[in-house]
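A closer look at the structure
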Amino acid sequence: MFTTGHFLFIIISTAFVIFGIEVCRRKKPPIRKMLITCLVLSIVSELTKFFYNITILPVVSPMIENDKLVYQETGAYAPYLEAEHLPFELCSLQILFMFLALVIKNKTLLKRLYTVMYTTCIIGGVIAILLSSATIGLSEINEFFFSIEVWRAFLYHSLLVVLGCYIGISDECDIRFKDIKWAFITILCLDFITMYINSMMATPYYLGDKLIGVGNVVNYFSSYNNPLGIPMKNKTEWAVYLIIRLVIGAALITLVNLPLLKKERSENGKAD
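Residues numbered from 1 in each chain as written. Predicted model: local features only at pLDDT ≥ 70, side-chain atom pairs only at ≥ 80, totals over all residues. Heavy atoms only, no water.

With respect to the packing of aromatic side chains
Counted according to the given criterion, the structure contains eight aromatic pairs. Ring centres of Phe50 and Phe51 lie 5.1 Å apart, and the angle between their planes is 90°; on these two criteria the pair is classed as edge-to-face. Judged by relative accessible area, which is 34%, Phe50 ranks as partly exposed. Under the relative-accessibility criterion, Phe51 is labelled exposed at 60%. Here the aromatic rings of Phe88 and Tyr220 are separated by 5.6 Å at their centres, their planes lie at 75°, and the arrangement is edge-to-face. Taken together, the positions of Phe88 in the loop between strand S2 (68–80) and helix H3 (90–103) and Tyr220 in the loop between strand S4 (210–215) and helix H8 (235–271) put the pair 132 residues apart, joining distant regions of the chain. (Phe/Tyr/Trp six-rings, centres within 6.5 Å; stacked < 30°, edge-to-face > 60°. Buried < 20%, exposed > 50% of the residue type's maximum accessible area, 1.4 Å probe, protein only. Helix = DSSP H or I, 4+ residues; strand = E, 2+ residues; numbered from the N terminus.)

See below:
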């Protein structure tokens, strides 16, 4: 992470975002057309990720031979997608949000959804670009430029940032700073749900009836492991991490929504 190749793709993503926002400002496409375009591109991105990461593996049966655990192949094969690639991350959930934004007719619910999308598209997209998991294991610049997953990941998250920014400036969406509470509530609810999903996806290991550890741990929403290097060996340390994470999240959500407050004051000034 943060190799020369990564920095180059951060620059490419930044240029794409600036270009995309400028085009949207000039063209001012109807929000429905923008959503349809982004939804189609997002589905293409998700399908690309799916087929890129899925593998065909032999079906095996565990058994004990000579006091050792071995895995006997059954002769059958099955496609398998590792849990970390399932669409439970916030950025993948934007596909569902886009679809809902196209079908919801209730204006109040739609406005709340736009507020959530505005906030999460920008925050999630920017974080995913800066801390992209697609760069893990890559070091040479040519590895970055010839990687389908790297291009997909950076372009997709750049698209989300453009969509989020356009929702914020669109008069059709008309989201306001006071609606920020719906972003807080939705993110907290999704965060809590992913804690269950993280446990469901992990593999527990028992010694007799005693749970001694887990394997194959996934980390949707970073609710289990953290990028801050904070030790989490017990519930107290984990709670401290969650509190720190909550404060940082609240600060980011507020910061992203501040331009809406400035926009409202500008509109009120013109009205006066």
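Topic: unusual backbone geometry
In this structure, Asp174 takes a positive phi of about 50° despite not being glycine. The topology assignment puts Asp174 in the loop between helix H6 (148–169) and helix H7 (180–201).

Observations concerning the pairing of strand S1 (residues 55–65)
Bridge analysis of S1 against S2 gives ten bridges, and the strand direction is antiparallel. Across the sheet, the residue bridging to Ile56 is Pro79, located in S2. Here S1 folds back onto S2, and the loop between the two strands holds two residues, one of which, Asn66, carries a positive phi near 55°. (Pairing = 2+ DSSP bridges.)

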